[in-house]
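Geometric and topological summary
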Amino acid sequence: MVKNGHHGGSKALGKLFQFYLPAKTHRTYSCLHCRVQLASHDELISKSFQGSQGRAYLFNSVVNVNTSAAEERVLLTGLHEVADVYCDCCKTLLGWKYEHAFESSQKYKEGKYIIELVHMIKDNGWDDENIDKTTYLKK
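Heads up: these notes are all about the structure in this document. (Residues numbered from 1 in each chain as written. Predicted model: local features only at pLDDT ≥ 70, side-chain atom pairs only at ≥ 80, totals over all residues. Heavy atoms only, no water.)

With that settled, the discussion passes to the nonpolar core. Of all hydrophobic cores here, the largest spans 16 residues; its most connected members are Leu 38, Phe 59, Val 62, Leu 94, Ile 115 and Met 120. If you look at the next biggest cluster of nonpolar residues, it comprises seven residues, including Ala 56, Leu 58, Val 82 and Ile 114. (Core = buried A, V, L, I, M, F, W, Y, C linked by side-chain atoms within 4.5 Å. Buried < 20%, exposed > 50% of the residue type's maximum accessible area, 1.4 Å probe, protein only.)

In space, the three strands of this open sheet follow the order β4-β3-β12, with antiparallel pairing throughout. Edge positions in the sheet fall to β4 (37-40) and β12 (120-123), since each has one partner strand and no second. Looking at each pair of strands side by side, their axes are set apart by 30° on average, direction ignored. (Pairing = 2+ DSSP bridges. Helix = DSSP H or I, 4+ residues; strand = E, 2+ residues; numbered from the N terminus. Axes fitted to C-alpha atoms, helices over the stretch in contact; angles between N-to-C directions.)

So, on to a nonpolar patch on the surface. Taken together, Val 74, Leu 79 and Phe 102 make up a surface patch of nonpolar side chains, about 280 Å² in accessible area. Looking at where Phe 102 falls in the secondary structure, it is placed in the loop between β10 (93-101) and β11 (113-116). Take Phe 102: its relative accessible area is 38%, and that puts it in the partly exposed class. (Patch = residues over 30% accessible without salt bridge, like charges linked within 9 Å, V, L, I, M, F, W, Y side chains within 5 Å. Areas by Shrake-Rupley, 256 points an atom, 1.4 Å probe, with all protein chains shown as cover. Salt bridge = Lys/Arg side-chain N within 4 Å of Asp/Glu carboxyl O.)

Turning to its location among the elements, Leu 79 is positioned in strand β9 (residues 78-87). Among the residues examined, Leu 79 registers a relative accessible area of 31% and is labelled partly exposed. For the pair Leu 79 and Phe 102, spaced 23 residues apart in the sequence, the C-alpha separation amounts to 6.1 Å. Not counting residues within four places of it along the chain, the set of residues in contact with Leu 79 comprises Glu 72, Arg 73, Val 74, Ala 101, Phe 102 and Glu 103. (Contact = heavy atoms within 4.5 Å.)

Relative to the elements of secondary structure, Gln 18 occurs in the loop between β2 (15-17) and β3 (28-31). Separated by 18 residues in sequence, Gln 18 and Val 36 have C-alpha atoms that sit 7.8 Å apart. Discounting residues that sit within four places of it in the chain, Gln 18 has contacts with Val 36, Asn 64 and Cys 89.

Right, let's talk about the environment of Leu 58 for a bit. Within the secondary structure, Leu 58 sits in strand β6 (residues 54-59). By relative accessible area, Leu 58 is classed as buried at 1%. Spatially, the C-alpha atom of Leu 58 lies 8.4 Å from that of Lys 109, the residues being 51 residues apart in sequence. Setting aside residues no more than four positions away along its own chain, Leu 58 makes contact with Glu 43, Leu 44, Ile 45, Ser 46, Phe 49, Tyr 98, Tyr 108, Lys 112, Tyr 113 and Ile 114.

Below, the structure is given as structure tokens:
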């Protein structure tokens, strides 16, 4: 789902074009700061990650982001080569992309994205899960 060589929206004549997830996509995550769509819930791999500012989610793919050049960093799970991930719309640093894992047990992360919860908001259909369906059945 990553679009073009810059991993996000594309530019033509200086204008930013956003990628929109299909209308049938139920439950999406958006940038908290500008509300541009970032990922579908279907692309979520794990909620058990730690970012530099707290909890983070691991996604298989994301949209409307750009990445920096990759660099080696020592993270909680060892040495990785990662690229910072920025919102293509508001340029906020959202997390990182795992480009290379040096330990074999961490290889599953390669090509995946970490987005920190502090920068995300749930959109499209999340309220449906909070409705008490028994109220409708009682009528």
